[in-house]
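These are the residues of each chain, in order.
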Amino acid sequence: MNILELAQKQSTMMPDKYKTMNTEAMEARVREIKELLGTSLYIPGHHYQREEVIMFSDDTGDSLQLAQLSALNREADYIVFCGVHFMAETADILTNENQVVLLPDMRAGCSMADMADISQTERAWAKLQAIYGDTIIPLTYVNSTASIKAFVGRHGGATVTSSNAKEMVSWALTKKERILFLPDQHLGRNTAFDLGIPLDAMAVWDPIKDVLEDEGKSDIKVLLWKGHCSVHENFTVQNIESLRASQPGMNIIVHPECRREVVEAADYNGSTSYIIKMIENAPSGSKWAIGTEMNLVKRLMNHHPDKEIISLNPNMCPCLTMNRIDLPHLLWSLESILDKNPVNVISVDRQIADDAVLALNRMLERA
Ligand code: 13P
Ligand code: SF4
């Protein structure tokens, strides 16, 4: 890292005073600033955020809901996004130029989004076009960088989330013979399989080796980018088998970012909102093992004491990057707005945003 980069990094480091303030004082100050800024401030919070942050969110939601809410909000001058980097980028793309989006901690990235970069994607596209000709439409999970969304937008494709993936894959297959699904192989595979596409009609693109695995297969319909979520990959079939043996009567529900065999062995699978609704609607006394991020599982446990809720993996931790957004960083963001010197502003390059919005709008029109 050169000196300039180091200086820039330090200038966005949280001042020490926030590390020593007590929780009550921080909470009181956040409340006070929210009151002062009124509707000129909007705080969306993803379901995977910590409780200390989600308690101050104006709205909570899954990736799709937060994208829709950001697209609708024209009132707020400042959007303090409690989620990860790609979500704040999406909010910046979907809001007006005069609306400022802040991510309380710039280190809140997403390891899955980092598994597809634009030069890997351009290389893959060229090679896949050479194999399959002009028969491919790209789709990207919203858990991807703005540059990947822009690439997809430029090539006639769309974004998807875990709540509308089936609809978007079906739509894409009316446009072209096959799809390239970035960057989560598991969501792509689970969705295509649920739509009746056999595993034999899917092949995996390895962006590190720059090769198509299973190239010998004929009649490929879905090209899966070899990316994954490092949180959801920690749920295993063994977790399910040992639970079924030790605790019969447990309903097992997982997020479709889990591997195919885990989704297959579970009773239900769906997005974070789907999981929340299933638990809300479940009868009192029912038992649930949940395969998703730990902050959400803990919140469901607290909100539903009449139901027995556990994590599918007893050794599960929260998503480390989601967890970077904490009360001190939230307060720092809010005070920086009051000081008229907002920190950690997310500003997507205009050209990239113009292309990325094409992919996002193709999804939002159908969501
Ligand atoms: P959803 O909010 O679409 O369920 O996605 C989960 C996730 O991994 C967000 O990072
Ligand atoms: Fe990324 Fe997985 Fe964390 Fe979601 S849970 S932000 S996909 S690493």
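All of the points below concern the structure found in this document. (Residues numbered from 1 in each chain as written. Chains lettered and ligands numbered in written order. Predicted model: local features only at pLDDT ≥ 70, side-chain atom pairs only at ≥ 80, totals over all residues. Heavy atoms only, no water.)

1. Some points on the overall build of the chain
Item 1. When you go through the chain residue by residue, the secondary structure sums to 16 helices and 16 strands.
Item 2. What you see for the chain is a C-alpha radius of gyration of 21 Å, in line with the 21 Å of a compact globule of 367 residues.
Item 3. Counting only C-alpha atoms and orienting by the principal axes, one finds that the chain spans roughly 60 × 55 × 40 Å.
Item 4. Once local pairs closer than 6 in sequence are excluded, the contacts in the chain between residues at least 24 apart make up 66%.
Item 5. In the structure as shown, the chain presents an accessible area of about 15,700 Å², 50% of it carried by carbon and sulfur atoms. (Helix = DSSP H or I, 4+ residues; strand = E, 2+ residues; numbered from the N terminus. Rg over C-alpha atoms; globule rule 2.2 N^0.38 Å. Contact = heavy atoms within 4.5 Å. Areas by Shrake-Rupley, 256 points an atom, 1.4 Å probe, with all protein chains shown as cover.)

2. Some points on empty space enclosed by the protein
Item 1. Applying the stated criterion across every chain yields a total of one cavity of 30 Å³ or more.
Item 2. For the largest cavity, the calculated volume is near 80 Å³.
Item 3. What lines the largest cavity is Ser63, Leu66, Ala67, Ser70, Phe81, Phe86, Met87, Thr90, Ala91 and Val142.
Item 4. When the residues that make up the lining of the largest cavity are grouped by side-chain class, the tally is seven nonpolar, three polar and no charged. (1 Å grid on protein atoms, 1.4 Å probe; cavity = no way out; pocket = protein on both sides within 12 Å on 5 of 7 lines; lining within 4 Å. Points joined across faces, edges and corners; volume = space filled by probe spheres on them. Nonpolar A, V, L, I, M, F, W, Y, C, P; charged D, E, K, R; others polar.)

3. A closer look at the layout of surface pockets
Item 1. By volume, the largest pocket is sized at about 400 Å³.
Item 2. Around the largest pocket, the lining is made up of 29 residues, and of these Tyr48, Cys110, Cys229, Val231 and Cys319 lie nearest the centre.
Item 3. In the lining of the largest pocket, the residues fall into 15 nonpolar, twelve polar and two charged.

4. Brief notes about the site of ligand 2
Item 1. All residues in the neighbourhood of ligand 2 are listed as Tyr48, Val84, Cys110, Ser111, Met112, Asn143, Cys229, Val231, Glu257, Cys319 and Met322.
Item 2. The cavity where ligand 2 resides is the largest pocket. (Near = heavy atom within 4 Å. Sits in = over half its atoms within 2 Å of the grid points.)

5. As for the environment of Pro314
Item 1. With respect to the element layout, Pro314 can be found in the loop between strand S15 (308-311) and helix H15 (327-338).
Item 2. Since its relative accessible area comes to 71%, Pro314 is described here as exposed.
Item 3. Sequence spacing of Pro314 and Glu51 is 263 residues, and the spatial spacing of their C-alpha atoms is 20 Å. (Buried < 20%, exposed > 50% of the residue type's maximum accessible area, 1.4 Å probe, protein only.)

6. Structural notes on helix H3 (residues 23-37)
Item 1. Counted at 1.5 Å a residue, the expected span for H3 with its 15 residues is 21 Å, and the 21 Å between its end C-alpha atoms agrees.
Item 2. All buried positions along H3 are accounted for by Met26, Glu27, Val30, Ile33 and Leu37. The arc enclosing the buried residues of H3, seen along the axis, measures out at 130 degrees, which places them on a common side. Exposed residues pointing more than 90 degrees away from the buried face of H3 are listed as Glu24, Glu35 and Leu36.
Item 3. Of the surrounding secondary structure, the elements contacted by the buried residues of H3 are helix H2 (17-20), strand S1 (41-42) and H15.
Item 4. The N-cap residue of H3 is Asn22: its side-chain oxygen and the backbone nitrogen of Glu24 are 3.1 Å apart.
Item 5. Just downstream of H3, Gly38 is the residue with a positive phi angle, here 55 degrees. (Expected span 1.5 Å × (residues − 1). Arc of directions from axis to C-beta. Polar contact = N/O pair within 3.5 Å; in protein donor to acceptor, adjacent residues only side chain to side chain.)

7. Quick notes on the nonpolar core
Looking at soluble globular proteins, one finds that nonpolar side chains tend to be buried together.
Item 1. Leu139 and Ile290 are the most contacted members of the largest nonpolar core, which has 101 residues in total.
Item 2. For Leu139, the contacting residues outside a window of four places in its chain are Val152, Ala158, Val160, Met168, Val169, Trp171, Ala172, Ile179, Leu180, Phe181 and Leu182.
Item 3. Grouped together as the second largest cluster of nonpolar side chains are 18 residues, Ala116, Ala124, Val152 and Leu223 included. (Core = buried A, V, L, I, M, F, W, Y, C linked by side-chain atoms within 4.5 Å.)

8. Some points on the pattern of salt bridges
Item 1. Scanning the entire structure with this criterion turns up 22 salt bridges.
Item 2. Among the salt bridges present, the one from Lys34 reaches Asp58, with a minimum N-O distance of 3.1 Å. Here the residue Lys34 occupies a position in helix H3, and Asp58 occupies one in the loop between helix H4 (51-54) and strand S3 (59-61), the gap between them amounting to 24 residues.
Item 3. Note on Asp58: relative accessible area 36%, which makes it partly exposed.
Item 4. We note a salt bridge from Lys226 to Glu213, for which the minimum N-O separation is 2.7 Å. A residue pair is termed long-range when its members are at least 10 positions apart, and Lys226 in the loop between strand S11 (222-225) and helix H11 (237-246) and Glu213 in the loop between strand S10 (211-212) and S11 qualify at 13 residues.
Item 5. Since its relative accessible area comes to 35%, Lys226 is described here as partly exposed.
Item 6. Of the residues examined, Glu213 reaches a relative accessible area of 25% and is grouped as partly exposed. (Salt bridge = Lys/Arg side-chain N within 4 Å of Asp/Glu carboxyl O.)

9. Side note on the packing of aromatic side chains
Item 1. Using the criterion set out here, one finds two aromatic pairs in the structure.
Item 2. Judged by centre distance (5.5 Å) and plane angle (85 degrees), the rings of Trp125 and Phe151 are edge-to-face. Taken as a pair, Trp125 in helix H7 (residues 118-132) and Phe151 in helix H8 (residues 146-154) lie far apart in primary sequence, 26 residues in all.
Item 3. Judged by its relative accessible area of 10%, Trp125 falls in the buried class.
Item 4. For the ring pair Tyr268 and Trp288, a centre distance of 5.8 Å and an interplane angle of 35 degrees mean the geometry is tilted. With Tyr268 in strand S13 (residues 268-269) and Trp288 in strand S14 (residues 287-291), this pair connects stretches of sequence that are 20 residues apart. (Phe/Tyr/Trp six-rings, centres within 6.5 Å; stacked < 30°, edge-to-face > 60°.)

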